Every structure is written in structure tokens, then in C-alpha cells.
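Spelled out from the first residue to the last, the chains are:
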Amino acid sequence: MSVATPLQSDTQVSLESEQALSTFLRANQACLAPGQSRLLSFSDQISQVDPLQIFAALNLQETVHFYSENAARQEIILAFGMCQSLRVSGKYRFHLAQQFAEDCFKQLVPIANGAGFMDLPAIFCGFSFFDSPVRRGLFPNSFLFLPEIQVVMGPDGGRVSCQVRLNANTNLATLVPALLAKLAVIRHPPRLSPPPLTSGIDLPHQSPATDLSQAIATSLHNIHRHQLSKVVLATALDINGRQPFRIVHCLQRLRRCYGDCHLFSLGNGSGDCFIGASPERLLSLHKGHLITDALAGSAPRGNTPSADQQLGQHILHNPKEQREHQAVLEYLLTRLTALGLTPHASALKLLKLSNIQHLWTQVCATLPPNLHPLQLVAQLHPTPAVAGVPAAIACNFIRQHETFERGLYAAPLGWVDSQGNSEFIVGIRSALISQNQARVYAGAGIVAGSNPQQEVAEIALKLQTLQRALV
């Protein structure tokens, strides 16, 4: 399909005037020949509102969406609707995803608001853990979309962008009022009610984590024989609700209990959502500065400050926890160096979250402008924090011994923009929700010295993260 000649870069249109927007779109539509199209992006500034209010008011659980809360950046992103999308699988999926993103951004024509403000949209991505097609998944193996509407709330205020694919057959009489109605809700969403005290769920009598004991014993045998040095084994807990789960209520509870993590929800447009509160960032890339996290080695939080400090000191000096963490750190440094980068690691720290603490090392690097964020994602996924070492042998062990399909669990979720900025988290402490059914995931890293009973207890602790969001 041919693309119409781009508009002038100084074009300005107010999103608060139906007449101005309609007149502009009609004039551009009249210039399009059959088969031609324009991909337009309109921008505006908005006052501070809670994007969860928008989520609830527009009932986005039934819409393709991406929701992200980043407490460290004081940023919330809500993107919904599909202007363009890509579904792809196979070993070239990250390369094809990069081509899709680059093609979208080349076509995009930015239109400033009446005051000259402009904010370009991102492309949002959900990649499954393995590159082979998911047999019974509710989500594609790899899913990318350019949203119809993107809302960003940050410390400096809010902004919104609206994307329109305009061709000779676009029905503007329907499109413009529908778009402005959504914008009216975005600017002034109704107040959000607190979630109910309980949604009513039926928990299994026994945690499925106990079923991992044999797999953990087998992995330790293979580690002893030097076939592996680490493998991450996970389990899934299926929960039935007495009524359909409301994603906005789940996100409210996650915000209240785990606001120090990366909160997220990815919706497929059919009411199925993958949500979570991940402590792990795969990468953050802003203005050529890369940050990634080595996060491995865990302990619960203590009931008192002294008990908490004792537990933290234990994992800081425990050889087993150190080995698990060092495997992740060495992997990140090696993979980044292979791309021609010069990574720098911070001192080892404790990352203390509400119910768990981890060994944490931050890795930084400066990126050349020709290195695309999705090349980094392809290079880093899966890290030893969610797979193991060596990666290929560990992944094969996971396929053989886990009793469920990982799908989006422990996989890269995030966004990339046209300036090369990007944020990806790892989809752990997560759940797949469909109507009144929820599948909750958690895992643990197995290395030499791991104790099967302790690993099962750690997984049970991690499962509580999402159970608390559901109840």
C-alpha cells in the first residue's frame, strides 16, 4: 500500500474542537487516492488524573491495552486500541518486531496541538518466553501494537496522543465523535471506587509448588553432574473466582500492596489479561543510557527490623545465593559486551520489597544510536534469573519438567518509541486472568546447594503476591 506525502512538520490541530479536527481530516482525506493512507498522530496536554480511573470508565478490560506503573520514574502509561499490530512467532520474531516498529514510525505524521505541543506514541510489546507458538495460549507468541490512544502521567503532568489511520474510506462522521468522547472521559474520568474487601475465590487445598520437589531434585542431580549450573523452575496455581475478576480491582490491590514494583496489565481485546507486579527490569533505555538489573537470590522480609537485617545479611553472605546472583550478573555483562558495549556494574545491594528481598546489582552502559532496543531485548532474553545456565540446556530442562506452558510468564513486556527510548520488564509475579479463572505463576532458581524444601517455600511466598491481588 502506498503512503501519502507527509504533512508539514509545523501542522497544528486542536483536539478540543470537533470542527477543527473534522475540517482537518476531511481536507487530508480529499487528497488521498484509492489505496493511499496516512498515519496521523495528534497530541495534547491534560491535567493530572489517575489512569486507573480511565481504565475503569472506558471498560478497557475488554480492549487491547497495555498498562504500566513505574514507581521509580513516577510514571504511569495507559495505551489502548489498535491502530496497527503485529503477531509473529519463530526465531526471527525480534527482528520482525523491529522492522514493524521502524515501519510504523516512518509512516507516522505528528500533529501538534493548538499550542504547538507534540508527544509521539510508543509501540507496545508482549513476547512469550519461548519463541515457538503457544499451543493453547490466550495471547500470540509475540504481539506488538501501535495504540489508538496513549495516555502518559508523569511528575510534570499528563499528555495524550491519538493515532488515526486515514484513507479514502474512513468514516469521519463516526470516527471524530467517538474519538472526542473518549478524550472527554480521559480529561475528566469519573471517580474510582475502592475494590471490594474480597472478590470470593476458591483456593486449592495444596500449593502446586510441592509438585516441583521431584523436578528440583532432578535438576540438582544434573547440576552435580555438571550438566547445568543453574535452572529456574516455576509452577502455576489455578484459582477460580465466584464471579469474573475485574482487572482494575486487581491493579488497585497490586498498587496498594506492591507499589514499589513494576505494575502491568496486557489485554488481548477479548477480556483476557496478563497482569502482575514485577520486581525485575529487563532494560531501561533513555537518551542512549541503558540500565539493566541483575536480580537473583531471595529471602523473606523479617517481622522486626533486626530480623529483617539478619535475613538480608544472610543472603548477602550466603554462597548459594551469591552463586545464583553472580550467574545473572556475568550473563548480562557478557551479552552486553558481545554487542560492543562497555557495561559497568554497581556494588551489590539488597532490593527490599514489601514481602521479599533480593540481591541486586545495577548494570549501566552507553548505547550507540544504531543499536535498536529490540536488538537488546533479543540479546538479553532469557536471562539466568528466569531460565538458567547454560541457557539452551536450562530451557530444554524447563520444557521437560514444568507442567504448564509459560506463555508470557517470565517474558519481556514493554514499549519502544521512535527516539530509541524503551522500557521492558520481566513478567514475573504474574497471573493470566480470563473471566473468573486466574492462573498465578512463580518460580525459583536452583543452583548447587539449593534445598528443595526451601525452594518450594520461596515459590509459595512469591505466589502470595498475586493471590493478594485477587482476593
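Keep in mind that what you see is a predicted model, and the values were worked out from it rather than measured.

Run through the layout of surface pockets, naming residues and quoting values.
Size it by volume and the largest pocket reaches roughly 760 Å³. Val134, Glu405, Arg406, Gly407 and Arg439 are, among the 31 residues lining the largest pocket, the residues nearest its centre. Only β9 (230-241), α10 (391-401), β20 (430-434) and β21 (437-447) provide two or more residues apiece to the lining of the largest pocket. A per-element tally of the lining of the largest pocket places β21 first, with 4 residues. Within the lining of the largest pocket, the residues separate by chemical class into 15 nonpolar, 8 polar and 8 charged. Empty space within the second largest pocket amounts to approximately 550 Å³. Along the walls of the second largest pocket sit 25 residues, with Arg73, Glu75, Asp119, Val152 and Arg159 positioned nearest its centre. Residue assignment for the lining of the second largest pocket shows that the elements contributing at least two residues are β1 (37-46), β3 (75-87), β5 (122-127), β6 (142-154), β7 (157-167) and β18 (412-417). Across the lining of the second largest pocket, the residue classes break down as 9 nonpolar, 9 polar and 7 charged.

Mind laying out the nonpolar core, listing which residues take part and the relevant values?
Phe42 and Ile123 are the most contacted members of the largest nonpolar core, which totals 149 residues. For this core, the leading source of residues is β6, giving 8 residues.

Help me get a handle on the environment of Arg429, residues and values and all.
With respect to the helices, strands and loops of the structure, Arg429 is situated in the loop between β19 (422-426) and β20. For the pair formed by Arg429 and Gln464, sequence separation is 35 residues and the distance between their alpha carbons is 8.9 Å. In contact with Arg429, not counting residues within four places along its chain, are Ile275, Gly276, Ala277, Pro279, Ile356, His358, Tyr441, Lys462, Thr465 and Leu466. A polar contact of 3.3 Å, which involves the side chain of Arg429, links it to the side chain of His358.

Go over the packing of aromatic side chains with me, naming the residues and quoting the values.
Two numbers describe a pair of aromatic rings. These are the distance of the centres and the angle of the planes. With the rule as written, the count across this model stands at 12 aromatic pairs. Where Phe274 meets Tyr441, the ring centres are 6.3 Å apart and the plane angle is 55°; that geometry is what we call tilted. Here Phe274 is found in strand β11 (residues 272-278), whereas its partner Tyr441 is found in strand β21, with 167 residues between them in sequence. Pair check on accessibility: Phe274 and Tyr441 agree, each one buried. Clustering of aromatic rings is evident, with ring pairs tying together Phe264, Phe274, Phe404, Tyr409 and Tyr441. The residue whose ring lies beneath Arg406 is Phe129, and the NZ or CZ to ring-centre distance is 4.4 Å.

Can you tell me about helix α9 (residues 373-380), naming the residues and giving the values?
Of all 8 residues that make up α9, 6 are buried, and the element is covered over most of its length. Among the residues of α9, Pro373, Leu374, Leu376, Val377, Gln379 and Leu380 are the ones counted as buried.

Please set out the confidence of the model for the protein residue by residue, giving values where relevant.
Here the protein shows a mean pLDDT of 90. Residues at 70 or above account for 95%. Note that pLDDT drops below 50 for residues 1-9; the model gives that stretch 20 contacts with residues more than four away or on any other chain.

Parameters and conventions
- Residues numbered from 1 in each chain as written.
- Predicted model: local features only at pLDDT ≥ 70, side-chain atom pairs only at ≥ 80, totals over all residues.
- Heavy atoms only, no water.
- 1 Å grid on protein atoms, 1.4 Å probe; cavity = no way out; pocket = protein on both sides within 12 Å on 5 of 7 lines; lining within 4 Å.
- Points joined across faces, edges and corners; volume = space filled by probe spheres on them.
- Helix = DSSP H or I, 4+ residues; strand = E, 2+ residues; numbered from the N terminus.
- Nonpolar A, V, L, I, M, F, W, Y, C, P; charged D, E, K, R; others polar.
- Core = buried A, V, L, I, M, F, W, Y, C linked by side-chain atoms within 4.5 Å.
- Buried < 20%, exposed > 50% of the residue type's maximum accessible area, 1.4 Å probe, protein only.
- Contact = heavy atoms within 4.5 Å.
- Polar contact = N/O pair within 3.5 Å; in protein donor to acceptor, adjacent residues only side chain to side chain.
- Phe/Tyr/Trp six-rings, centres within 6.5 Å; stacked < 30°, edge-to-face > 60°.
- Lys NZ or Arg CZ within 6 Å of the ring centre and 35° of its normal.
- pLDDT = per-residue confidence, 0-100.

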